[in-house]
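Residues per chain, in single letters:
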Amino acid sequence: MDAKNFENACIWKPTGIDKSSNFVKFMNLIEEKYKVKLDSYWDLHKWSIENIENFWAEIWNFTEIIHSRKYDKVIDLSVPMSQSPKWFVGARLNIAENYLRYRDSHIALIGIGEDREERRITHAEVYEEVKQYSSAFRRIGLKKGDKVACYMSNREEAIFTMLAVASIGAVFIGILPMLGAQAAVNRLELVSPKYIVSIDHIRYEEKDIDMLSKLKNISTGLKSLEKIIIVPSKLNSTKKDISNIPNSCFLQEFLDAGRNADGSVPDLIFEQVPMSHPVFISYTSGTTGSPKAIVHGSECLLCITRDRYLQSSVDRKGVILSASPAGWATWTMGLSAFITGQTSVLYDGVPYFLSPTHFWDIIDEYKISMLFLTPSIIDELEKRNYVPTEKHKLDSLYAIFAGASVVKPQNYEFVYQKIKKNFLFMSFYGSTEMMGACLTFNRTLPIYKSEMTCPALGADVMCVNEEGCSIVGEVGDLVITKPYPSLPLGLYGDDDGSRYREQYFSKHKDKFSMGDLAVVNPKTRGIIICCRNDEVLNQFGCRFGSSEMYNVVNRLPEVHDSLCVSQYSKNGTERAVLFLQLKTGFKFNDELLKKVREKVEEELTSEHIPGLIMEVQDIPYNITGKKMEILVKKILNNMPYNTDVVKNKDSIQHYLNVPPFEE
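Residues numbered from 1 in each chain as written. Predicted model: local features only at pLDDT ≥ 70, side-chain atom pairs only at ≥ 80, totals over all residues. Heavy atoms only, no water.

A. Layout of the overall build of the protein. Per the secondary structure count, the protein includes 18 helices and 33 strands. For 663 residues, the compact-globule estimate of 2.2 N^0.38 gives 26 Å, and the C-alpha radius of gyration of the protein, at 25 Å, lies within 12% of that figure. Dimensions of the protein, computed from C-alpha atoms along their principal axes, come out at roughly 80 × 65 × 60 Å. Counting the 663 residues in the protein, one finds 61% classified as buried. Roughly 26,900 Å² of accessible area belongs to the protein as shown, and the carbon and sulfur atoms make up 47% of that amount. Between the averaged position of the 78 positive side-chain charges in the protein and that of its 84 negative side-chain charges there is a distance of 2 Å. (Helix = DSSP H or I, 4+ residues; strand = E, 2+ residues; numbered from the N terminus. Rg over C-alpha atoms; globule rule 2.2 N^0.38 Å. Buried < 20%, exposed > 50% of the residue type's maximum accessible area, 1.4 Å probe, protein only. Areas by Shrake-Rupley, 256 points an atom, 1.4 Å probe, with all protein chains shown as cover. Lys, Arg positive; Asp, Glu negative; His and termini not counted. Charge placed at Lys NZ, Arg CZ, Asp CG, Glu CD.)

Here it is as C-alpha cells:
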C-alpha cells in the first residue's frame, strides 16, 4: 500500500468537538480520576488498552450496568487469551434486565414490513410482553441453561422471546428464516434446543415462504424438540392446520398457559447469573466449512453499552432501522436501542428494492436516524438508480453504518453524491465471533474512503506478519492481542476448548485471529480490510485481495458484477480467474477482454491481470449478502463444497465447467 494514495481520500471531517457529549465527559472523567492527559481519541484508546481492567471498570460504572452483586475482579490478565479469561468475576446480573431498563410510554418498537400492518409498542408494553413470554416458558419447563431457537423473520416476537429466555437464564439461538429445513436442522442438532419459536409464513424479497412445511421437517429431524410455538403472521393464520407438526401450538395458546387461574401474569423474575453464563448461540456463515456454534455470555453487554453511550447520541428521539432477522450478527443493533431508551423500527422483509423510493420513504416517515447497509445493498441501489428524490428530506438521517464485507471507494462516492451530504457514512468491522464491533469510528476523527477510522476503545487490534509482529503499511493478519469482552466464551460442545484454540489461536500464539487480511494506513492510522485469509489470490507470486479487482472492473460500464478466485494447477501453481456478469445489452468479446486487461494493468499492475476471464450469468451470494468466493474456489479446484447458505443456488451451474489450469 502507498500511503500517499490516501492523502485526498478524506470524505468527512468533524466540525468541532461537542464538549457536552458523553464521549468528552468520559474522557474528562478518566483524566481527572487517573491523572492523565488525553488530547485525542487516540490518547484515550492507548490508555484503554494499556489499562484494560480500569477501562472496563469505568465503562461498567459510566453505562450503569444493572447488577445484584458487583464484581470482585474485572479480569485476571495472567490467564492467556486462548484460555478465555473470565470477565467481572463474582458479579451477578441479567442481560435482559439491562435491556429492559426503560419501562415508560416512549415508543420502543415499530413493526413494519413487506406484508404486515404497522404495530407500535412502548417500552412499558415491551416489559409486559416479556413478562408474559417468560411466565409461559417457565410454565412449560424452561430453566437455566436450556436452549430456545428463534426461526422467524425480523419481528417484535423475536425480541420478546430473546428477552424472556435471557430473563430465565436460558440460551437464545437465532436461525435465519431464509434457511431451508435441512440447513436449520444441521445447525440446531449441534446444540439440541428444547423449544423453537417460529412463524407460519414470511414474505422476503417479494417472495412468499411457507414456514409450516419447514417446521414439519424440522420437527421430525430434531430429536431434542419438546415444543414448537408458531407466531401467526396474520389474524387468520390461526385457522391453518398445524396438526402435522408434532407438539406445536400457536402463540396465544402458549401465552395463555402462563397465566394464573385468575388470568393475571406472574411477576417477571430476572435470574441473576455470572457474566460468563451462556446467553447467545450464533453461527458462522458456513461459507468456509461447516457452521460453528459460537457461545457468548453477558460480556458483550459491555461493548454494546460502550458504543451506545460513547459513540451514539443518547437523545431518546433517536430511531434505528433494523432489517436483520435473528441469526444475523447485526440483529442486536435493533436491540441496542433499548439501552438508551430509543426506538427501533423492525422491518420484516427486505425494504430496499420494493420500489425506487420505498426505502427513502421509510426513512422520512419514521424519522430514521441510524441504519445499517451492506456494500452489496449499496451496489444494487446504485445499479438500479434507486436514490432519494426532491421530495425526500432525510433530515433525521444522522448516520449509515456499512459492513459485513469490504466497503468499496465507490460506495462512499455514491452515498455522498446521491443519498446525502454532510452526514456520517462509515465502515465498521465486527463478526459473528465478536457479537459486536472492534473497528469503528469516532466523531472527533475524520473518515477516509474504505477505512475503518479506528479500533474501538478497549480493543487492541493490529495487523501482524507471519511472525506475529505488528506491521503498518503492509498487508497482514488482523488480530486482537488482548482480552476483549465481545470475544466468545468458546464453541458449543468444545468442552476442553481445543477446537476453539485451533480455530482462532493456532496461527498466532495468544492472539485472536479474525481470519481477515488488512492493512493499517500509516498516514491516517485507519484500517483497511482486504479479504479473508483464505480468499487471498497469489497469482504467480503477486499476492492481492479480490476487493482490489472488484474496485477496478466493477467500475466498467459493461460490468454488472464480478467474482475473482484462485485456481490451481496440478503442480500447485495459482492463477486468478475473473468471472464477469455483464449488464443487459453488452457483449462478452475480445474488445471487452482487452479493455478489462488494460484497465487492471493501468490501475493495479500487469501481474494482477487474471489468467482467465469468463462470462457468467449470475454471481452466487449467501443469504447475508456476501459473495461466495470460497465456494466457487472449491468448485474450481474440485474440493467438497456446501450450498446450504447460497441465496441464488441456480448460479452454481455456471461454475461447474471451468477449464482446468494446465501449465
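B. Local environment of the packing of helix 1 (residues 22–34) against helix 2 (residues 41–50). The interhelical angle for the contact between helix 1 and helix 2, taken along N-to-C directions, is 55°, at an axis separation of 11 Å. When the axes of helix 1 and helix 2 are compared, the pair comes out oblique. Considering only the axes of helix 1 and helix 2, their crossing is left-handed. Residue-level contacts link Phe 23, Phe 26, Met 27, Ile 30 and Tyr 34 of helix 1 to Tyr 41, Leu 44 and Trp 47 of helix 2. Among the residues making up the contact of helix 1 with helix 2, the classes are represented as eight nonpolar, no polar and no charged. (Axes fitted to C-alpha atoms, helices over the stretch in contact; angles between N-to-C directions. Parallel < 35°, antiparallel > 145°, perpendicular 65-115°, else oblique. Left-handed = near helix turned anticlockwise from the far one by under 90°. Contact = heavy atoms within 4.5 Å. Nonpolar A, V, L, I, M, F, W, Y, C, P; charged D, E, K, R; others polar.)

C. Fine view of the sheet that holds strand 15 (residues 319–322). What the seven strands build is an open sheet, ordered 5-4-16-15-17-18-19; its pairing is mixed. Sheet topology places strand 5 (119–122) and strand 19 (424–427) at the edges, where each strand pairs with a single neighbour. Looking at each pair of strands side by side, their axes are set apart by 20° on average, direction ignored. Of the pairings in the sheet, the one linking strand 4 (residues 107–113) to strand 16 (residues 343–348) comprises five bridges and is parallel in character. Opposite Gly 111, over in strand 16, you have Leu 346 as the bridge partner. Those strands touched by helix 12 (residues 358–365) are strand 4, strand 15, strand 16 and strand 17 (370–373), and its axis lies near 155° from that of strand 17. (Pairing = 2+ DSSP bridges.)

D. Up close: unusual backbone geometry. Although it is not a glycine, Glu 206 adopts a positive phi angle of roughly 65°. Of note, Glu 206 is situated in the loop between strand 9 (201–204) and strand 10 (207–210).

E. Inspection of the UniProt feature "transmembrane region" (unreviewed entry) in the protein at higher detail. As annotated by UniProt and renumbered to match this structure, "transmembrane region" (unreviewed entry) occupies residues 158–179. A distance of 16 Å separates the end C-alpha atoms of residues 158–179, which is 50% helix and 18% strand. (UniProt positions renumbered as here; feature names shortened; annotations may be inferred.)

F. Spotlight on the UniProt feature "domain: Acetyl-coenzyme A synthetase N-terminal" (unreviewed entry) in the protein. As annotated by UniProt and renumbered to match this structure, "domain: Acetyl-coenzyme A synthetase N-terminal" (unreviewed entry) occupies residues 41–98. End C-alpha atoms of residues 41–98 are separated by 27 Å, and the span's content is 43% helix alongside 10% strand.

G. The nonpolar core, seen in detail. Trp 56, Met 162, Leu 163 and Phe 579 are the most contacted members of the largest nonpolar core, which totals 230 residues. With nine residues, helix 6 (residues 156–168) is the single largest residue contributor to this core. If you count residues domain by domain, this core takes at least three from each of domain 1 (123–274) and domain 2 (536–654). In this view, Trp 56 contacts Val 74, Trp 87, Phe 88, Leu 302, Cys 303, Arg 306, Leu 457, Gly 458, Tyr 484 and Pro 485; residues no more than four positions away in its chain are not counted. If you look at the next biggest cluster of nonpolar residues, it comprises five residues, including Leu 517, Ile 528, Cys 530 and Val 536. (Core = buried A, V, L, I, M, F, W, Y, C linked by side-chain atoms within 4.5 Å. Domains from an automatic or database assignment.)

H. Examining the sheet that holds strand 7 (residues 171–174) more closely. Taken in spatial order, the eight strands of this open sheet run 12-11-8-6-7-13-14-26, and their pairing is mixed. A strand with exactly one partner marks an edge of an open sheet, and here the two such strands are strand 12 (248–250) and strand 26 (490–491). Both strand 6 (residues 147–151) and strand 8 (residues 195–199) contribute to a ladder of four bridges, which runs parallel. When the bridges of strand 8 are listed, Cys 150 appears paired with Val 197. Lying on the sheet, helix 7 (residues 181–188) is in contact with strand 6, strand 7, strand 8 and strand 13 (280–283); it crosses strand 6 at an angle near 155°.

I. Representation of the state of the cysteines within the structure. Tallying each qualifying case throughout the model produces zero disulfides. Of all cysteine sulfurs in the structure, the one in Cys 303 sits closest to Cys 300, which takes part in no disulfide; the separation is 7.9 Å. The exposure class assigned to Cys 303 is buried, which follows from its relative accessible area of 1%. (Disulfide = S-S within 2.5 Å.)

J. Geometry of the packing of helix 2 against helix 3 (residues 52–62). At a closest axis distance of 5 Å, the pairing of helix 2 and helix 3 adopts a crossing angle of 110°. Here helix 2 lies roughly perpendicular to helix 3, going by the angle between them. Seen from helix 2, the contacting residues are Trp 47, Ser 48, Ile 49 and Glu 50; seen from helix 3, they are Ile 52, Asn 54 and Phe 55. Here the contact of helix 2 with helix 3 is built from residues that sort into four nonpolar, two polar and one charged.

K. Spatial organisation of the environment of Lys 70. Structurally, Lys 70 is set in the loop between helix 3 and strand 2 (73–75). Linking Lys 70 and Val 415, residues 345 residues apart in sequence, is a C-alpha distance of 45 Å.

L. The arrangement of the pattern of salt bridges in detail. All told, the structure shown has 32 salt bridges when counted by the stated rule. Two residues, Arg 384 and Glu 380, come together in a salt bridge whose shortest N-O distance is 2.9 Å. Of this pair, Arg 384 and Glu 380 are both found in helix 13 (residues 375–384), four residues apart, which corresponds to roughly one turn of the helix. Lys 507 is paired through a salt bridge with Asp 477; the nearest N and O atoms lie 2.9 Å apart. Note that Lys 507 is positioned in the loop between helix 15 (498–504) and strand 27 (512–520) and Asp 477 in strand 25 (residues 476–480), a separation of 30 residues in sequence. By relative accessible area, Lys 507 is classed as partly exposed at 41%. The class of Asp 477 is buried, set by a relative accessible area of 3%. In the salt-bridge network here, residues are joined through shared partners; they are Arg 116, Arg 119, Glu 129 and Glu 156. (Salt bridge = Lys/Arg side-chain N within 4 Å of Asp/Glu carboxyl O.)

M. Highlighting helix 2. Of all 10 residues in helix 2, seven are buried; the element is thus mostly enclosed. Among all positions in helix 2, only Tyr 41, Trp 42, Leu 44, His 45, Trp 47, Ser 48 and Ile 49 are buried. For helix 2, the elements touching its buried residues are helix 1, helix 3 and strand 23 (454–455). Capping the start of helix 2, Ser 40 holds a side-chain oxygen 3.3 Å from the backbone nitrogen of Trp 42, two or three residues further along. (Polar contact = N/O pair within 3.5 Å; in protein donor to acceptor, adjacent residues only side chain to side chain.)

N. Molecular detail of the domain arrangement of the protein. In terms of domain boundaries, the protein breaks down into domain 1 (123–274) and domain 2 (536–654). One C-alpha centre belongs to domain 1, the other to domain 2, and the line joining them spans 41 Å. Each side of the interface is counted separately: domain 1 has eight residues, and domain 2 has five residues. Put simply, domain 1 and domain 2 have one salt bridge between them. Inspection of the domain 1/domain 2 interface yields two residue pairs in polar contact (both at pLDDT 80 or more). For the side of domain 1 that touches domain 2, the per-class residue count stands at five nonpolar, one polar and two charged.

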